[in-house]
Every structure is written in C-alpha cells, then in structure tokens.
Amino acid sequence: MATTETIVVSSGGELIRKSDLLGASDITAVVAGLRAHPRDVFILKDGCMKLQNIARGGTVNAQAVVDAGGAATVVAVLQAHPDVDPIQKDGCGALWGIAEGGATCAQAVVDAGGAAVVVTALLAHPDEVDVQRAGCTALSSIAKGGTACAQAVVDADGVAAVVVSLHAHPSVVTLQRNGCGALWSIAEGGAACAQAVVDADGAAAVVASLQRHPSKLIPQQVGCGALWGIAKGGATCAQAVADAGGAAAVVAILQAYSIKAIVQRTCCDALWVIAKGGAACAQAVVDAGGVAAVVAVLQENPDDFCVQRRGCGALWGIAQGDAACAQAVADAGGAAAVVAAQRRHLSEVDVQQAGCGALFSIAKGGAACAQAVADAGGQAAASAAAVAHPTDVSIRDNTKWLVDCVYVTLSAAADAAMEALLLEEEVEKRAAEKGASSRKKQTKAKKASSKLPLPAPASRTPVSVSDEVAPVPAASLPGRGGLDGCGGRGGRGLAPPSQRLASAALAPAPAASTVVPLSLASLDTGRQQVPESTMGGETTCIVCFTNPKTHLAVPCGHQCACESCAAQMQKCPYCREPTMMWLLQRMV
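What this report covers is the structure whose coordinates are included nearby. Fair warning: this is a prediction, and the values are worked out from it, not measured in the lab. (Residues numbered from 1 in each chain as written. Predicted model: local features only at pLDDT ≥ 70, side-chain atom pairs only at ≥ 80, totals over all residues. Heavy atoms only, no water.)

Focus: the overall build of the protein
Point 1. Within the protein, the secondary structure is distributed over 30 helices and five strands.
Point 2. Relative to its full complement of 588 residues, the protein shows a buried share of 44%.
Point 3. Nonlocal contacts in the protein, meaning residues at least 24 apart in sequence, comprise 61% of its contacts between residues at least 6 apart. (Helix = DSSP H or I, 4+ residues; strand = E, 2+ residues; numbered from the N terminus. Buried < 20%, exposed > 50% of the residue type's maximum accessible area, 1.4 Å probe, protein only. Contact = heavy atoms within 4.5 Å.)

Some words on the side chain of His125
Point 1. Relative to the assigned elements, His125 resides in the loop between α8 (114-124) and α9 (129-143).
Point 2. Residue contacts for His125: discarding those within four places in its chain leaves Pro82, Asp83, Val84, Asp85, Gln88, Val131 and Gln132.

Here's the deal with the pattern of salt bridges
Point 1. Evaluated as defined, the whole model comprises nine salt bridges.
Point 2. Salt-bridge contacts for Asp90 lead to Lys45; the nearest nitrogen and oxygen are separated by 3.2 Å. A residue pair is termed long-range when its members are at least 10 positions apart, and Asp90 in helix α6 (residues 85-99) and Lys45 in helix α3 (residues 41-55) qualify at 45 residues.
Point 3. The class for Asp90 is buried, based on a relative accessible area of 3%.
Point 4. Across the pair Asp303 and Arg344 runs a salt bridge, and its minimum N-O distance is 3.0 Å. With Asp303 in the loop between α20 (290-300) and α21 (305-319) and Arg344 in helix α23 (residues 334-344), this pair connects stretches of sequence that are 41 residues apart. (Salt bridge = Lys/Arg side-chain N within 4 Å of Asp/Glu carboxyl O.)

Regarding the environment of Gly311
Point 1. Position of Gly311 among the secondary structure elements: in helix α21.
Point 2. Accessibility expressed as a relative area gives 0% for Gly311, which makes it buried.
Point 3. Those residues within four positions of Gly311 in sequence are excluded, and the remaining contacts are Cys268, Val294 and Leu298.

Considerations on the packing of helix α24 (residues 349-363) against helix α25 (residues 367-375)
Point 1. Put simply, α24 and α25 touch, their axes get as near as 7 Å, and they point 140 degrees apart. What the angle tells us is that α24 and α25 run oblique. Counting all contacts with α24, which are made through Leu359, Ile362 and Ala363, the residues of α25 involved are Cys369, Ala370 and Val373. (Axes fitted to C-alpha atoms, helices over the stretch in contact; angles between N-to-C directions. Parallel < 35°, antiparallel > 145°, perpendicular 65-115°, else oblique.)

What to know about helix α17 (residues 246-256)
Point 1. For α17, the full list of buried residues reads Gly246, Ala247, Ala249, Val250, Val251, Ile253 and Leu254.
Point 2. Along its buried surface, α17 packs onto α14 (202-212), α15 (217-231), α16 (235-243), α18 (261-275), α19 (279-287) and α20.

With respect to unusual backbone geometry
Most peptide bonds take the trans configuration, and most residues that are not glycine carry a negative phi.
Point 1. Omega for the peptide link from Val554 to Pro555 comes to 15 degrees, which places this bond in the cis form.
Point 2. Structurally, Pro555 is set in the loop between β3 (551-554) and β4 (559-561).
Point 3. Even without being glycine, Asp201 reaches a positive phi, approximately 65 degrees.
Point 4. Structurally, Asp201 can be placed in the loop between α13 (191-199) and α14.
Point 5. Classification of Asp201 as partly exposed rests on a relative accessible area of 45%.
Point 6. The residue Arg576 is not glycine, and still its phi comes out positive at about 70 degrees.
Point 7. With respect to the helices, strands and loops of the structure, Arg576 is situated in the loop between α30 (563-566) and β5 (581-584).
Point 8. Residue classification places Arg576 among the exposed positions, given a relative accessible area of 52%.

Quick word on the layout of surface pockets
Point 1. If you add up the space inside the second largest pocket, you get close to 350 Å³.
Point 2. In terms of lining, the second largest pocket is formed by 18 residues, of which the most central are Trp96, Thr137, Ser140, Arg177 and Asn178.
Point 3. For the lining of the second largest pocket, the elements supplying multiple residues, two or more each, are α6, α9 and α12 (173-187).
Point 4. Class assignment of the residues belonging to the lining of the second largest pocket gives a composition of four nonpolar, eight polar and six charged. (1 Å grid on protein atoms, 1.4 Å probe; cavity = no way out; pocket = protein on both sides within 12 Å on 5 of 7 lines; lining within 4 Å. Points joined across faces, edges and corners; volume = space filled by probe spheres on them. Nonpolar A, V, L, I, M, F, W, Y, C, P; charged D, E, K, R; others polar.)

Some points on the state of the cysteines
Point 1. Enumeration over the complete set of coordinates arrives at zero disulfides.
Point 2. With no disulfide of its own, Cys48 has Cys92 as its nearest cysteine by sulfur position, at a separation of 9.4 Å.
Point 3. Distance from the sulfur of Cys224, which forms no disulfide, to the nearest cysteine sulfur (Cys267) is 3.5 Å. (Disulfide = S-S within 2.5 Å.)

As for the pairing of β3
Point 1. Side-chain alternation along β3 places His551 and Ala553 on one buried face and Leu552 and Val554 on a second face that is also buried.
Point 2. Across two bridges, β3 lies against β4 in antiparallel orientation. Within β4, the residue paired with Leu552 across the bridge is Gln559. (Pairing = 2+ DSSP bridges.)

Some remarks on the sheet that holds β4
Point 1. Overall, antiparallel pairing links the three strands, which are arranged β4-β3-β5 in an open sheet. With one partner strand each, in any of the chains shown, β4 and β5 form the two edges of the open sheet. Neighbour-to-neighbour, the strand axes of the sheet open up by a mean angle of 50 degrees, direction not taken into account.

As for the packing of aromatic side chains
Point 1. Applying the stated criterion to the full structure yields three aromatic pairs.
Point 2. Look at Trp272 and Trp316: their rings are 6.2 Å apart centre to centre, the planes differ by 35 degrees, and that puts the pair in the tilted class. Separated by 44 residues along the polypeptide, Trp272 in helix α18 and Trp316 in helix α21 bring together distant segments of the chain. We note that Trp272, like Trp316, is buried.
Point 3. For the pair Phe360 and Trp401, a centre-to-centre distance of 5.7 Å together with 40 degrees between the ring planes defines the contact as tilted. Here Phe360, found in helix α24, pairs with Trp401, found in helix α27 (residues 393-449); they are 41 residues apart in sequence, far enough to count as distant.
Point 4. You can call Phe360 buried: its relative accessible area is 15%.
Point 5. Take Trp401: its relative accessible area is 43%, and that puts it in the partly exposed class.
Point 6. Over the ring of Trp228 we find Lys232, and its NZ or CZ is 4.5 Å from the ring centre. (Phe/Tyr/Trp six-rings, centres within 6.5 Å; stacked < 30°, edge-to-face > 60°. Lys NZ or Arg CZ within 6 Å of the ring centre and 35° of its normal.)

Right, dumping it as structure tokens:
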C-alpha cells in the first residue's frame, strides 16, 4: 500500500517532503514548515528546536532567522498552542536563541510580541519546570537588547512572572540561576526597570535564592550580579537591596569564594553600588563585615588588576558613607591596601582612579583617618598616579583634594593638641599658684598665732643728702631690664630721680669712638657662619638665597623655596619637574 506524504513549498519555491523537513537545517525550510503545519505538534516542536539551535550559532545565524520571519512565526506558534507544554518550552527556547543574537534581534523579538507570549507561557504553566526555565532564559535574553527591550519585558509584567517562578521552584538550581539572570538583565535596563524589580519584591527573591544554594558557584555569581544591577537603579533601589539583606548575602559569597576572581569582581561591584546608596547603605555593608572582606580580597589577589580596581572602588563607596564608615575602612587597613594596589598597578588608570578616590574619601573621615592615609603613604601614591596619568581629571582632582585634606586636617589636629596642652599647663600653673598661696596663708597664720615678742625697731642714723647722691655705677642700679632699669613690669626698683641725676653728673665722660671696618668689628650680622653653597644654604631659598626654605614642591617633594619665589614658579628649581602645587611646611 502506497504511503501519502505531505508536500511543503519552501520560501524558495522548492517542494519539500514532510519527512525531509524534520531533518532540515535550512532556515527558510524550517520556517516554511512551521507555517505549513500549524496543527502538527511534532513538526512545530521540532521546528522551534531547530530554529533555537540555528540561532544560537552566532549573531549572523540569529539575524538570518529574523530575516526569514522566524521570530514572528514562533510567536504565532506559541499563541496557537498555549496549552501544549512541549511547544511552549521549545518556542520559548527559540525566542531565547534569536534574542541572543544581539540588540537588533532582541528588538525584533519584542516587535513580534515575543515578550508578552513568553510571560503568558510562564503564567499558564507554573508547575512545568522546563517551561519556567526556558521562559526565564528567554526574558533575560530579550531584556539584554537595551532599555526599550527591558522596558517591554516590564510592561508585559515579566518581573512579577519571574519572581513567582523563583518562589515556586526554590530547589531547582538551574531555574534559580535563570530567574536571577532575568532580573539582572531587566534591572540593567535603567533606573525605571530596576525600580520595577524592587517594586515586585525582586531583591528579596534574589537574596532568598542566594541563601538557599550557598554551595552553587554559578547561581551565587548570577544572584550577586542581580543585586548589583538592582542597586544601580539609585539610592532607593540600593536601600531596598540593603534592607533585604543583600549586603550580608554578598559578603557571605565574597568570603566563601575568596579564590574565585570572577566572583570577587562581581561581589566588589555589588558592594560598591550598594554602599553608594547613602550612609545607611554604607553602614549596612560595614555591619556585614564588608570592609574586612574586601581588604582580604585585595591582599589575596594582588596581581589581578580587575579585582584591585573593584576592591578599591568598594572601599571608596563605603568610605563615602560618613565619618564612621571612613573610620571603619581605616581601622581595617583599607588605606594601606589601596596604596599597595596603586603601587603595584601604576599604569592601570582604572586602579589609580578608584584608589585616589578611596584615599580622599577615607581622609575626609577625620584626623585619625587622615593620619592613617598619611602613615600608609597615601599622598605619595596619589602624587605618583597624577604624574603617571597627567591628563586624567579625576586622578588630578582627587590627588589635590587628598593632599589638601590631609594637610589641613592634621594641622588642625596639631593646633588643637597644642591648645589642649597649653590649657593643661595653665590649669597646672593655677593649681600650683593656689597651693603656694594657701601655704603662705598658713605660714602667716602660724606666725600670727605665736606669742613671741617682736624685736625693738632699730634707730636710723640721719643721712645727708650728699651721702644719698653718692655715685653709683649704672649697672648696679636697681630695676629690671630696659633703659636705666625702667623696663620690665612698670620699672619696679627704680632709683630716686636725685640719685640718677647725681650718678650721671659724676660719671666719667666716654672715650672717643674709633671707626673700624665692619669685617673687623666681629659683629653678628645674623647670617650663618658657614658659607652658602651654589644651591643655597641648608635653610635659605635656593632661588633668592635670602628667605628661609618654607615651601615644598608637589609631587617631587623638594623643600627648596621661600613663599615669594614659590608663587612665581611652575617647576621645581631643584629637579626641574613640573609642580602641581606648593605646600607650606609647618614644623610642630
């Protein structure tokens, strides 16, 4: 008995048997078969699977499927068979493969109504793990197409569908990974999309997923990325992540996978954006042990500049929270870790940008923080970065602010310490004076209470005026300091006017002065006894040779000029290096 075969006409006009179609890899033939057999479940399932495999072969293949009308055809198949699980699974898989081809292909899927049919499949088959897994993956690929595609997924209520899927299948690791990946891609679409994920309780769903599968590396990395993407939506989104326990979850991953560089990069990025949400978010990272975890990562991966950049960025974000957060970074050795990263990766501009920003934010935390930065060599590291990358505005500005901040903060602290010391000395002096006065009063009281007879007053012999005005050498006149003993406190001990006049009248006339050269006068002119060198003296400016060396050049650090000369120079007069600024050195 003869067997009747169905004949299909391809887009090129060729006649194709149904049996040949099932093994065909030609895109036009597959699309034609899907259109020709809208009710044949076997052909539809097989055709969707073939389109998925073809599209995942690369951007060119995916675009070829789009050009052949594959996206619209698959959407029509899904709409025609909403209750058939295999078709829904493979149809979502085909849309996933097409959307993976890039932004243009993802937009083509959206334009064909792909986001809406995938969400419909997720909601219609909540218990089918395969459909849920393929649907979440398809939404993730579609959302990667850009802001418009991500917004299309949000508008189709895709966020809520993914969150429901995560809660419905908590033990399916692959579904948890795909669901977190979908929320990550959607949140990356912009602040509005990230807020939509927050509004659907997506942050809490991701944190719960991370806590359920702590030993699964890929789900942990994807979940951490989802929290990163959500927190990038702004301060409100970052706070939502912190409130959901996101900071603690990320720190736990960082500590558990300290040797996995790719995980550490994602975790540091997540902590960075969470901490930038404000003081409360930064404090949440501190409370979760994030500072120590990041410092440990920097120390354990010194040669990975990506980890170093992200780690410095995380410390930067934390230190920006407030003074308490900056102090926490300083106490954990964050300043030293940042300086080490900058010295090891001097040529990497990203590391230097993050490092200079981190050091400046730490130094703003107060005197103790500024001292920690200074002790770690922060000013020198930042100055070296400015020299190595002279055109980078961020590095230049942060370096200048850092140097000024450390100088001003430590100078103010030194002044405050000196004032406290002087106040303490004044208090001690007053206490000592009070004690001496008390002892003196006690002595007087003791003498007054004694009954000893007082001695008779001695008789005075009259003295003539001539005796009173006997000449007295000026040096032996009473008085304290100043001309003729008139200085000091009101000229106490001043001799009577008649005695001073008689002394002046009877004093011998001074001898005539002899004029001698200044070089033979042995006078102290105020200049140093050692001769000046051609580069200036040990204390005098090497430009004018007159004023003291009070200013040092940045970044070379040579203290070689006075204030007036430094104000006129753009280069260090000693080494001829260009100067960013001149600093006044204060010795305390």
